[in-house]
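# What the coordinates show
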Amino acid sequence: MGRFIFRLLDVLSVSGYLPVVVYPPDESGGRRVRVDGEILGMAHSVRDVMEFLRRAGMDDIDEDDVIMSSLIDWRGGGPEMWPAPW
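Not measured: the values here are computed from a predicted model. (Residues numbered from 1 in each chain as written. Predicted model: local features only at pLDDT ≥ 70, side-chain atom pairs only at ≥ 80, totals over all residues. Heavy atoms only, no water.)

## Examining the overall build of the protein chain
We count it as follows: Each helix corresponds to a stretch of at least 4 residues labelled H or I by DSSP, and each strand to a stretch of at least 2 residues labelled E; elements are numbered beginning at the N terminus. The rule is simple: take the accessible area with a 1.4 Å probe, protein chains only, and divide by the maximum for that residue type; under 20% is buried, over 50% is exposed, in between is partly exposed. When checking whether two residues touch, look at their non-hydrogen atoms; a contact exists if any pair is within 4.5 Å. Where accessible areas are quoted, they stem from the Shrake-Rupley method and a 1.4 Å probe; at the residue level, only the protein chains shown are allowed to cover.
What the protein chain contains, in helices and strands, is three helices and four strands. Going residue by residue from the N terminus, the α and β elements of the protein chain occur as α-β-β-β-α-α-β. Out of the 86 residues in the protein chain, the part that is buried amounts to 37%. Residue pairs in contact within the protein chain that sit at least 24 positions apart in sequence constitute 48% of those at least 6 positions apart. Accessible surface, the protein chain as shown: approximately 5000 Å² in total, 55% of it carbon and sulfur.

As C-alpha cells, then:
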C-alpha cells in the first residue's frame, strides 16, 4: 500500500504537491528536512526522514519509499549520505 501512495505522490509532485527537501549534512551529521516549505526537523538517518514524513501525513511510507522516491530532493548527497559528526 505504501508504494502505491508514494508513487501517486510522485505524480502529484510534478505539479508542486508537497515538495520534500533533505538538505546537506551539517557539522553534527544531521540533515534538515523540509516539507512544503516547512522545516520539520533534523534527521540523522533515513528512518528519521521516514518518521518526519509520517508525521506530515504520509502514514503508509516506509524506508524503501524514502530511498527510491523522486518526490524527495536530496541535496548534498543521496539517502546514503549520513556522515559522522565533525
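## A look at the pairing of strand β2 (residues 31-35)
Counted only if it meets this: Any two strands with at least two DSSP bridges between them are considered paired.
Here β2 shows one buried face, formed by Arg 31, Val 33 and Val 35, and one open face, formed by Arg 32 and Arg 34. In terms of strand pairing, strand β1 (residues 20-22) meets β2 through three bridges, oriented antiparallel. By the bridge assignment, Val 22 is partnered in β2 with Val 33. Sheet topology note: the β2/strand β3 (residues 38-43) ladder contains five bridges and is antiparallel. Bridging from a neighbouring strand, Arg 32 pairs with Met 42 of β3. Between the end of β2 and the start of β3, which pair antiparallel, lie two residues, with Asp 36 showing a positive phi angle near 50 degrees.

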